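Close look at the chain arrangement
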Amino acid sequence: MRKRLFVSLLWALFPFLVMAPSYGHPRGLFAQQPMTSPILSRPVLPGFTVQVALSDKARQKLIDNRETISATSYFTASPKKGVPLSRYRRFLSRPGPLGLGYIDVEAKPGESLRFSKIKLNQSALPLIDEQGPQLLVNVASGRRAYKDNILACDIYEGPLLPVQGKTIPITCKLIEEEEKMKVIP
């Protein structure tokens, strides 16, 4: 009898417990805290494409020597303010931003470099600040025909979320043609 009364009372009060403001949260005691962006709660994020524009000399040299183009995307983020270093130290490879992962992609000259499925380190995401994941795209020659990189390419560095589903243009030329490398904001 008491158990039934308790269960009835609990069910009667349940909506009030859930909806009651608690600890300053307007949705109540059992409400889940929102993430920085709803898209970050997905285990696999939408990708992006890198379109490499080669100089005529670079295109000809890559094709003649059957060399490829390689792109690496590094995903990083800054930690939230107030989070102790001991909580995020394991995500640091060196002093600087948190490492969320990286992806290598290779293609023939003239082909797009597609980063189709992005998997960020899910255990690091609750520790990142409101700026969200950052992206650094570095393009080089594939080093199949040459021991060293032969391309001087622009670099993309900026937030990840705005470029998802889009194409990032990167211009490359031979290192011997290079005047000054450009960083694309």
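Residues numbered from 1 in each chain as written. Predicted model: local features only at pLDDT ≥ 70, side-chain atom pairs only at ≥ 80, totals over all residues. Heavy atoms only, no water.

1. What to know about the overall build of the protein
- Along the backbone of the protein there are three helices and nine strands.
- The N-to-C order of helical and strand elements in the protein reads α-β-α-β-α-β-β-β-β-β-β-β.
- Classification of the 185 residues of the protein by burial places 35% in the buried group.
- At a minimum sequence separation of 6, the contacts of the protein that also span at least 24 residues come to 72%.
- Accessible surface for the protein amounts to roughly 12,400 Å². Of this, 56% is attributable to carbon and sulfur atoms. (Helix = DSSP H or I, 4+ residues; strand = E, 2+ residues; numbered from the N terminus. Buried < 20%, exposed > 50% of the residue type's maximum accessible area, 1.4 Å probe, protein only. Contact = heavy atoms within 4.5 Å. Areas by Shrake-Rupley, 256 points an atom, 1.4 Å probe, with all protein chains shown as cover.)

2. Some words on unusual backbone geometry
- The residue R66 is not glycine, and still its phi comes out positive at about 55°.
- Judged by relative accessible area, R66 falls into the exposed class, the value being 74%.
- The backbone phi angle of R143 is positive, close to 60°, even though this residue is not glycine.
- One can find R143 in the loop between β5 (134-141) and β6 (151-153).

3. A look at the pattern of salt bridges
- Going through the model one piece at a time under the given rule, you end up with one salt bridge.
- Close ionic contact of R144 with E106 constitutes a salt bridge, the shortest N to O distance being 2.7 Å. Placement of the pair is R144 in the loop between β5 and β6 and E106 in strand β3 (residues 98-107), with a sequence separation of 38 residues.
- For E106, a relative accessible area of 37% corresponds to the partly exposed category. (Salt bridge = Lys/Arg side-chain N within 4 Å of Asp/Glu carboxyl O.)

4. What to know about the state of the cysteines
- This structure, assessed with the given rule, holds one disulfide.
- Between the sulfur atoms of C153 and its disulfide mate C172 the distance is 2.1 Å. An S-S torsion of about 115° defines the bridge between C153 and C172 as right-handed. Here C153 is found in strand β6, whereas its partner C172 is found in strand β8 (residues 167-174), with 19 residues between them in sequence. Each of the two residues, C153 as well as C172, counts as buried. (Disulfide = S-S within 2.5 Å.)

5. Brief notes about the confidence of the model for the protein
- Chain-level pLDDT for the protein is 78 on average; 71% of the residues reach the 70-or-more range.
- For residues 1-36, every residue scores under 50 in pLDDT, and the model assigns this stretch 26 contacts once sequence neighbours within four places are set aside. (pLDDT = per-residue confidence, 0-100.)

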